[in-house]
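# Geometric and topological summary
Chain by chain, the residues run as shown.
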Amino acid sequence: MKVDNNDLRTIWLDEKEKVVKIIDQRLLPHKLVIVDLKTSDDIIYAIKNMLVRGAPLIGVTGAFGVYLAVLNNEDIKITCDKIKSARPTAVNLSWAVDKVLSKILKTDSYIEKIKIAKETAYEITEDEVQNCKKIGEYGLKLIKDISLKKNGETVNILTHCNAGWLACIEYGTATAPIYAAFDAGINIHVWVDETRPLNQGARLTAWELGKYGIPHTIICDNAGGHIMQHNMVDIAIVGADRVTYTGDAANKIGTYLKALSAKDNGIPFYVALPSSTFDWNIKDGVKEIPIEERNPDEVRYMEGLLLTPKDSSCANFAFDVTPRHLITGFITERGICKASEDDIMKLFPEKA
Ligand code: MRU
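Residues numbered from 1 in each chain as written. Predicted model: local features only at pLDDT ≥ 70, side-chain atom pairs only at ≥ 80, totals over all residues. Heavy atoms only, no water.

Bringing the overall build of the protein into the picture now. Across its full length, the protein holds 12 helices and 18 strands. Relative to the 2.2 N^0.38 estimate, which gives 20 Å for 352 residues, the radius of gyration of the protein is 20 Å and therefore close to what a compact globule would have. Projected onto its principal axes, the C-alpha coordinates of the protein cover approximately 60 × 55 × 45 Å. Out of the 352 residues belonging to the protein, those deemed buried represent 56%. Once local pairs closer than 6 in sequence are excluded, the contacts in the protein between residues at least 24 apart make up 74%. Here the protein has roughly 15200 Å² of accessible surface; of this, 50% comes from carbon and sulfur atoms. Positive and negative side-chain charges in the protein, numbering 43 and 48 respectively, have mean positions lying 1 Å apart. (Helix = DSSP H or I, 4+ residues; strand = E, 2+ residues; numbered from the N terminus. Rg over C-alpha atoms; globule rule 2.2 N^0.38 Å. Buried < 20%, exposed > 50% of the residue type's maximum accessible area, 1.4 Å probe, protein only. Contact = heavy atoms within 4.5 Å. Areas by Shrake-Rupley, 256 points an atom, 1.4 Å probe, with all protein chains shown as cover. Lys, Arg positive; Asp, Glu negative; His and termini not counted. Charge placed at Lys NZ, Arg CZ, Asp CG, Glu CD.)

By volume, the largest pocket amounts to about 480 Å³. Taken together, 21 residues form the lining of the largest pocket, with R26, L198, R203, E298 and E303 sitting closest to its centre. Elements that contribute at least two residues to the lining of the largest pocket include exactly α7 (200–212), α11 (297–300) and β14 (301–302). Each of domain 1 (2–126) and domain 2 (134–351) accounts for three or more of the residues forming the lining of the largest pocket. In this structure, the second largest pocket occupies an estimated 210 Å³ of space. Taken together, 14 residues form the lining of the second largest pocket, with D221, N222, G254, L257 and K258 sitting closest to its centre. In terms of residue count, the dominant contributor to the lining of the second largest pocket is helix α9 (residues 255–264) (3 residues). Within the lining of the second largest pocket, the residues separate by chemical class into 3 nonpolar, 7 polar and 4 charged. (1 Å grid on protein atoms, 1.4 Å probe; cavity = no way out; pocket = protein on both sides within 12 Å on 5 of 7 lines; lining within 4 Å. Points joined across faces, edges and corners; volume = space filled by probe spheres on them. Domains from an automatic or database assignment. Nonpolar A, V, L, I, M, F, W, Y, C, P; charged D, E, K, R; others polar.)

And the structure:
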């Protein structure tokens with residue numbers, strides 16, 4: 001994506017230096033800092049501490065982590081397990097690591113392993129870019145239809161957390177249709193949930209949209225219900241970290257509340273995801289999707305400032321699951337489908 005006229009991705013490989021380059025997302029929107037990851041330990045640190053974040057991006061980062069591990073001649077299976085457990089909810093991480101691992105295990109040659117690991121990490125990267133592009137093309141139709149119904153009046157879109165290009169490589173998932181609609185000249189305005197405790201909406205989504213020139217307004221997380229009740233939202237589009245083959249979707253904590261509110265107010269609620277975010281083994285999202293619990297200090301402090309009484313206990317559930325009956329549909333790289341096993345399988349028949 002263009003940032004101040006420069007093309008920028010969230011991750012790339014410096015082949016000469018054998019170093020993975022990433023944007024340290026903890027510092028945005030105030031500083032744009034590129035960090036070098038040289039070892040699989042650096043990769044694990046970056047994922048755990050959310051220098052990189054967002055389901056597709058942590059998948060790609062994990063894939064490059066396997067490449068670095070092979071390069072450094074590590075015990076590959078042990079390292080892969082460590083990378084996979086860096087963050088538990090987004091299934092993209094284990095999907096991508098396993099994809100690279102399964103390919104390198106087919107050869108005994110060190111040189112060949114390095115080549116395969118690098119090629120596979122690149123392949124996953126480019127596939128995710130194309131997937132997000134397609135999500136944008138399919139999602140555009142939804143926004144276009146609303147715009148036509150409103151005779152060209154502004155379409156108000158609500159999004160949660162950051163499912164933008166920063167969470168992916170390019171375009172984003174939830175933001176891909178937003179960028180496509182803006183490029184198509186449709187009048188849009190985006191409600192950006194701040195997304196406590198780490199404020200990915202207020203810090204990252206707002207930064208992305210601002211750089212692209214897209215009108216947006218940041219709201220505190222609790223405002224969603226109010227603006228939906230007052231006809232100020234036409235459609236909600238969010239990303240996902242893991243979606244069951246039956247249609248339950250895990251995403252950043254607070255997504256479920258937005259879906260409940262959207263249902264109560266008759267507002268279409270879409271989840272945008274690439275196929276790497278489907279978990280083809282899990283049936284019941286609420287019971288089976290592992291929900292990451294992060295350091296309570298992320299709730300206690302905001303930008304280094306202690307908000308709470310020092311002794312109060314805090315809990316930090318990082319994700320929640322929106323059950324399928326609250327989801328209008330999924331926007332995927334293969335098209336749009338309802339949140340049901342039958343419809344998902346129609347789009348991905350090879351998984352049936
Ligand atoms: O904890 P994070 O910032 O990694 O959570 C990210 C989200 O929940 C995103 O909405 C999700 O990964 C979709 S990414 C396109």
